[in-house]
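Here is what each chain is made of, one letter per residue.
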Amino acid sequence: MKIGFIGTGTISEAVITGMMRAGLDIDEIIVSARSRKTSSDLAARYGCVSVCEDNQDIVNQSDLLFLAVLPQIAEEVTTPLSFRADQEVCSLIATIPVEKITAWGGEVARITRAVPLPPVVELNGITVLSGPSERVETIFNALGGAIVTKSLREFDAYTVPGSSMGLYFGIQELIAEWIKDQGGDRQEARRFIASLFAALSRTAEQSEDSFSVLRSEHSTPGGLNEQMFRVFCGSGGKDALNDAMNTVADRITKARS
Ligand SMILES: NC(=O)c1ccc[n+]([C@@H]2O[C@H](COP(=O)([O-])OP(=O)(O)OC[C@H]3O[C@@H](n4cnc5c(N)ncnc54)[C@H](OP(=O)(O)O)[C@@H]3O)[C@@H](O)[C@H]2O)c1
């Protein structure tokens, strides 16, 4: 199978590195030249990766074509292209519906959307797909797992929390800053919080329990952990989180029109 990438930035590099680490059966990966350092590094690292200057050449050579440019230039990059009717496209471009992609580049045998996240590089990221595709599922299953959604509504519902990476680190940043303000050492605070959150994430990953059960198990009644969540919600924390998710969801819905 020949796989093409148009857009060789952060997420393409993570996906391609994951594919190579997973030892997937891929004949060739052709990447676009833009972000020259990333594309030439990938070609230097992996024998099956080559760099191509012309995006249409990448289309012409690919059985499966990944699109991974920023949403704001998606139309400009895709409109000059002519997809092949017998090929498959997987768009990683956030917010842009598949109907727009095929209106710009032409109809294809199959088109899906996927939201791979950076942990795919460690074969540890679950990727949400907009619909079934044997090829794409095989790839992302090898990179940590795939969730195939059955409707656009369900796909968008995962895209919203998939956008919580900044929030995740932002919360750790706020806690570490608080420790520092109490006289703690910045680096020690960072190490402490990163280690606590990582351990809790591992607990959640390895457990079948609901988050609600995990929260109870980690909150002695009347204790400090119970107080922390109660006061957080009571002081608007829950509303703030819902507001953030709803505004991101609105943005995704508006981008569709
Ligand atoms: N980063 C994530 O965690 C993540 C996760 C899921 C989905 N996504 C989506 O994936 C897409 C890419 O995100 P990213 O974070 O990888 O962005 P990025 O690092 O900025 O990569 C975008 C790439 O597109 C290239 N590009 C620009 N114009 C091009 C053209 N005409 N032809 C070919 N390549 C061109 C850029 O090259 P230059 O640097 O030379 O401009 C850059 O390599 C976005 O739509 C984003 O929403 C990202």
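Residues numbered from 1 in each chain as written. Predicted model: local features only at pLDDT ≥ 70, side-chain atom pairs only at ≥ 80, totals over all residues. Heavy atoms only, no water.

## Some details on the site of the ligand
Near the ligand, the surroundings consist of 22 residues, among which Thr10, Ile11, Arg34, Ser35 and Val69 are the closest. Residue Thr10 places a main-chain N or O atom 2.9 Å away from an oxygen atom belonging to the ligand. Separating an oxygen atom of the ligand from a backbone N or O atom of Ala94 is a distance of 3.4 Å. Protein burial of the ligand: of its 890 Å² of free accessible surface, 75% is covered by the chains. More than half of the atoms belonging to the ligand lie within 2 Å of the grid points that define the second largest pocket. Of the residues contributing to the shell around the ligand, the split by class is 14 nonpolar, seven polar and one charged. (Near = heavy atom within 4 Å. Polar contact = N/O pair within 3.5 Å; in protein donor to acceptor, adjacent residues only side chain to side chain. Areas by Shrake-Rupley, 256 points an atom, 1.4 Å probe, with all protein chains shown as cover. 1 Å grid on protein atoms, 1.4 Å probe; cavity = no way out; pocket = protein on both sides within 12 Å on 5 of 7 lines; lining within 4 Å. Sits in = over half its atoms within 2 Å of the grid points. Nonpolar A, V, L, I, M, F, W, Y, C, P; charged D, E, K, R; others polar.)

## Here we look at a nonpolar patch on the surface
There is a patch of nonpolar side chains on the surface, built from Leu167, Ile171, Ile175, Leu241 and Met245 and spanning about 360 Å² of accessible area. Looking at the nonpolar patch, the elements that each hand over two or more residues are α8 (165-181) and α12 (237-256). If one sorts the elements of the nonpolar patch by residue count, α8 sits on top with three residues. Mapped onto the fold, Leu167 is located in helix α8. Residue class for Leu167 comes out partly exposed when judged on its relative accessible area of 41%. (Patch = residues over 30% accessible without salt bridge, like charges linked within 9 Å, V, L, I, M, F, W, Y side chains within 5 Å. Salt bridge = Lys/Arg side-chain N within 4 Å of Asp/Glu carboxyl O. Helix = DSSP H or I, 4+ residues; strand = E, 2+ residues; numbered from the N terminus. Buried < 20%, exposed > 50% of the residue type's maximum accessible area, 1.4 Å probe, protein only.)

## Notes on the domain arrangement of the chain
Assigned domains of the chain: these are domain 1 (2-114) and domain 2 (165-256). Each of domain 1 and domain 2 has a C-alpha centre, and these two points are 35 Å apart. (Domains from an automatic or database assignment.)

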